[in-house]
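Here is how the chains run, residue by residue.
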Amino acid sequence: MESAFKIEGLNAFYGEKQALKAIDMEIPRKMVTAIIGPSGCGKSTFIRCLNRMNDLIPGFRVSGRVFYQGKDIYSKDVDVIEIRRRIGMVFQKPNPFPKSIYENVAYGLRIQGMRDRKRMDEIVEESLKKAALWEEVKDRLHTSALNLSGGQQQRLCIARALAVKPEVILFDEPCSALDPVATAKIEDLIDELKRDYTVVIVTHNMQQAARVSEFTGFFMLGELVEFDRTEKIFTNPSSKVTEDYITGRFG
Amino acid sequence: MRDLKERVFVALSLAATLAGILFLSILIIDVVMDGASRLSWDFLTSFPSRRPGKAGILSPLVGSAWIMILTALFSFPVGVGAGIYLEEYAGKNRFTWLIEVNIANLAGVPSIIYGLLGLGLFVRALALERSVLSGALTLTLLVLPIIIMSTREALRTVPFSIREASYALGATRWQTIIRQVLPAALPGILTGTILAMSRAVGETAPLITIGALTYIAFLPTWPITFTGSFPFVEFSLQGLFDPFTVLPIQIFNWVSRPQKGFYTNAAAAIIVLLIFTILLNSLAIYLRYRYQKRMRW
Ligand SMILES: Nc1ncnc2c1ncn2[C@@H]1O[C@H](COP(=O)(O)OP(=O)(O)OP(=O)(O)O)[C@@H](O)[C@H]1O
Ligand SMILES: [Mg+2]
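On a predicted model such as this, the values are computed, not experimentally measured, just so you know. (Residues numbered from 1 in each chain as written. Chains lettered and ligands numbered in written order. Predicted model: local features only at pLDDT ≥ 70, side-chain atom pairs only at ≥ 80, totals over all residues. Heavy atoms only, no water.)

Trainee: Is there a simple way to explain the overall build of chain A in this structure?
Mentor: Secondary structure assignment for chain A yields 10 helices and 10 strands. The C-alpha atoms of chain A give 18 Å as radius of gyration, which agrees with the globular expectation for 251 residues (18 Å, within 12%). Structurally, chain A occupies a C-alpha span of about 55 × 45 × 35 Å along its principal axes. Residue pairs in contact within chain A that sit at least 24 positions apart in sequence constitute 66% of those at least 6 positions apart. (Helix = DSSP H or I, 4+ residues; strand = E, 2+ residues; numbered from the N terminus. Rg over C-alpha atoms; globule rule 2.2 N^0.38 Å. Contact = heavy atoms within 4.5 Å.)

Structural data, given as structure tokens:
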């Protein structure tokens, strides 16, 4: 098994408050890794360390190392912009830009300076197809993205992330604002994506973690309690705390 | 008991609101009754004159247009730039804090103080004389704090999730601001700018202070003139350095004359000024309305 991320002794702080404690973890390449745990345990903090989105929060700092393909993404000579382009992210609440559907998907290409209109049309179509949204929007690409339903908006956000051809996609509870039908669509999509991408998904939904992932990490109070194959976590966890959590005895 | 208190309070608030509207209506009706008969095409296209019946507002109208356009051209880029810097780039330190407090205070400084500043700085020190340029620069100083503050306000209303989405796709801070934040904030910024302009169009004190004339029978040189020979068009910045007058000053001048005829002229000019202001404010309200409808996240 080849790993995409290798995390060593990662601590994260919001000001004085420590949100992650000495995390060691290896996230496999081209597989789906689920992150579960009770609310406030640091799942979002952790996943946002993987593409340095937390840099935007004043007072946030990390120590320890996060290697991506052998390179520490927190070392001085790393280009954050490049990291975020290669490691895409989909957020909990769909957050399309207040622009047309087309412009939402094309945005990542435009900021890289792409001018070739034909190539851009192709990539937009291809990304929308991968995100299983093309059929629903192909006749209204130039209408506002804000008129789409929540589930469609979330798939648009996925298409937008795919358009810049990332290697990894991070999902932070992508379905928590969606109904079961829309959720099923996103899950199918994630299953498709793992053929080409490394996927990390934070979820509150045990069944979802069990359905979509190969590996699962269980966090509690800022610590990684257990990290293993998903079957193992859900059938025969090593830790008593994990077992209590997945059987719903707390959390 | 509580019910009674509430009713009294509602009644008082209503009375206060109605009183405001009532006085405004009386004022408008009075002005319209005095001046409406004087409004005509001739009135708009004649120069001021010694004889009230022949006098018009051509030079103050054109002067006001010059001043407004230049003030907008100067204050918009500087104000928006400063707003972006303070909101998006400036660190949270004492220096920034000092600037912020000062801008907030400047917005409340009486306008005549800006006139004195303009007189000292533009008219005298920079030797721009009592020109259109001096007037526009002085009003630029006056509206700048308002534009800076409304820009910051508008930038702050752009949700963080939009910025996040942009950064997550590998955008730089500059790209995020120029391509996402600023367009989303633009209607709010424009609204603030227009309201600032509608304040500037009615300003009299600072322009009198810097020495705008009260009687002018010519116009600033047009920036573009068409000629009979090649290249058929000439551009000139001479107008910037010509003397000028504006509507409120003309009105001020007319009401201080003893003749009844000038009083009528003043009322007519006030109607024109009011229409100008109402148009600007309606535009601002329209933009705000469009903005609220289009931007719901
Ligand atoms: N911007 C912030 N400033 C200060 N503290 C924060 C901030 N964001 C998160 N925290 C704290 O860090 C801890 C971990 O938060 P995090 O959002 O990572 O949890 P989570 O596991 O994603 O929770 P949830 O399941 O509710 O999304 C919490 O105690 C939270 O209060
Ligand atoms: Mg979270």
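Alright, that's what it looks like, and here's the rest.
Trainee: So what exactly am I meant to see when it comes to the site of ligand 1 here?
Mentor: Residue and element names in this part refer to chain A. Taken together, 13 residues lie around ligand 1, and Ser39, Gly40, Lys43, Ser44 and Thr45 are the ones closest in. The contact in question runs from an oxygen atom of ligand 1 to an N or O atom on the side chain of serine 39, over 2.5 Å. Backbone polar atom of glycine 40 to an oxygen atom of ligand 1: 2.8 Å apart, as the coordinates give it. Within the complex, 65% of the 640 Å² of free accessible area of ligand 1 lies under protein. Those elements that provide at least two residues to the shell around ligand 1 are strand E2 (17-28) and helix H1 (43-49). Sorting elements by how many residues they give to the shell around ligand 1 places H1 first, with 3 residues. Considered class by class, the residues forming the shell around ligand 1 number 4 nonpolar, 6 polar and 3 charged. (Near = heavy atom within 4 Å. Polar contact = N/O pair within 3.5 Å; in protein donor to acceptor, adjacent residues only side chain to side chain. Areas by Shrake-Rupley, 256 points an atom, 1.4 Å probe, with all protein chains shown as cover. Nonpolar A, V, L, I, M, F, W, Y, C, P; charged D, E, K, R; others polar.)

Trainee: Help me out: how do you make sense of the interface of chain B and chain A in this one?
Mentor: One frequent convention defines the size of an interface as the accessible area lost when the parts assemble. Across the boundary between the two partners, chain B contributes 20 residues, which contact 23 residues of chain A. At the surface where chain B touches chain A, the tally comes to 1 salt bridge. Inspection of the region where chain B meets chain A yields 5 residue pairs in polar contact (both at pLDDT 80 or more). Of all the secondary-structure elements, those providing two or more residues to the side of chain B that touches chain A are helix H7 (160-168) and helix H8 (173-201) of chain B. Tallying contributions element by element places H7 of chain B first for the side of chain B that touches chain A, with 8 residues. Of the residues belonging to the side of chain B that touches chain A, the class tally is 9 nonpolar, 7 polar and 4 charged. (Salt bridge = Lys/Arg side-chain N within 4 Å of Asp/Glu carboxyl O.)

Trainee: I keep staring at a nonpolar patch on the surface and nothing clicks. Help me out?
Mentor: All names here are of chain B. Among the surface-exposed residues, Leu24, Leu27, Ile28, Val32, Leu274 and Ile278 lie close enough to one another that they form a single nonpolar patch of about 510 Å² accessible area. Within the residue set of the nonpolar patch, elements represented by two or more residues are helix H1 (2-35) and helix H11 (260-294). Per-element tally for the nonpolar patch: the top contributor is H1, with 4 residues. Relative to the assigned elements, isoleucine 278 resides in helix H11. (Patch = residues over 30% accessible without salt bridge, like charges linked within 9 Å, V, L, I, M, F, W, Y side chains within 5 Å.)

Trainee: In this structure, what is going on with the packing of aromatic side chains? I would like to understand it.
Mentor: For any two aromatic rings, the description comes down to two numbers: the centre-to-centre distance and the angle of the planes. On inspection of all chains with the given rule, the structure shows 8 aromatic pairs over all chains. On the basis of an interplanar angle of 25 degrees and a centroid distance of 4.9 Å, the ring pair of phenylalanine 218 of chain A and tyrosine 245 of chain A is categorised as stacked. One end of the pair, phenylalanine 218 of chain A, is in strand E9 (residues 215-220); the other, tyrosine 245 of chain A, is in helix H10 (residues 240-246), and 27 residues separate them in sequence. Like phenylalanine 218 of chain A, the residue tyrosine 245 of chain A is buried in the burial classification. Geometry around phenylalanine 97 of chain A places arginine 160 of chain A over its ring, the cationic atom sitting 4.5 Å from the centre. Cation over ring: arginine 257 of chain B sits above phenylalanine 262 of chain B, and NZ or CZ is 4.3 Å from the ring centre. (Phe/Tyr/Trp six-rings, centres within 6.5 Å; stacked < 30°, edge-to-face > 60°. Buried < 20%, exposed > 50% of the residue type's maximum accessible area, 1.4 Å probe, protein only. Lys NZ or Arg CZ within 6 Å of the ring centre and 35° of its normal.)

Trainee: Can you walk me through the confidence of the model for chain B in this structure?
Mentor: Close reading of the predicted structure is inappropriate where its pLDDT is low. Across chain B, the average pLDDT comes to 86, with 97% of residues at or above 70. For this predicted complex, the interface confidence comes out at an ipTM of 0.92, alongside a pTM of 0.83. (pLDDT = per-residue confidence, 0-100.)

Trainee: What exactly am I supposed to notice about the pairing of strand E3 (residues 32-36) of chain A here?
Mentor: A regular strand places its side chains on the two faces of the sheet in alternate fashion. Residues and elements named next belong to chain A. Where burial is concerned, most of E3 is hidden: 5 out of the 5 residues are buried. Burial along E3 is two-sided: the face carrying Val32, Ala34 and Ile36 and the face carrying Thr33 and Ile35 are both buried. Pairing geometry for E3 and strand E8 (residues 198-202), over 4 bridges, is parallel. Directly across from threonine 33, in E8, lies its bridge partner valine 200. Where E3 and E9 come together, 4 bridges link them in parallel fashion. Paired with alanine 34 across the bridge in E9 is threonine 216. (Pairing = 2+ DSSP bridges.)

Trainee: Is there a simple way to explain the side chain of asparagine 54 of chain A in this structure?
Mentor: Residues and elements named next belong to chain A. Summarising the element assignment, asparagine 54 is placed in the loop between H1 and strand E4 (60-68). Polar side-chain contacts of asparagine 54 include one of 3.1 Å to the side chain of arginine 48. Those residues in contact with asparagine 54 that lie beyond four places of it in its chain are Tyr14, Thr45, Arg48, Cys49 and Phe60.

Trainee: Help me out: how do you make sense of the packing of helix H3 (residues 101-110) of chain A against helix H4 (residues 117-130) of chain A in this one?
Mentor: When two helices pack together, you describe them by how their axes are tilted relative to each other and by the distance separating the axes. All names here are of chain A. Closest axis-to-axis distance for the H3/H4 pair is 10 Å, and the angle between their directions is 115 degrees. Once H3 is placed against H4, the crossing between them reads as right-handed. Note on element contacts: H4 touches H3 through Arg117, Met120, Asp121, Ile123, Val124, Ser127 and Leu128, opposite Ile101, Tyr102, Val105, Ala106, Leu109 and Arg110. The residue makeup of the contact of H3 with H4, split by class, is 9 nonpolar, 1 polar and 3 charged. (Axes fitted to C-alpha atoms, helices over the stretch in contact; angles between N-to-C directions. Left-handed = near helix turned anticlockwise from the far one by under 90°.)

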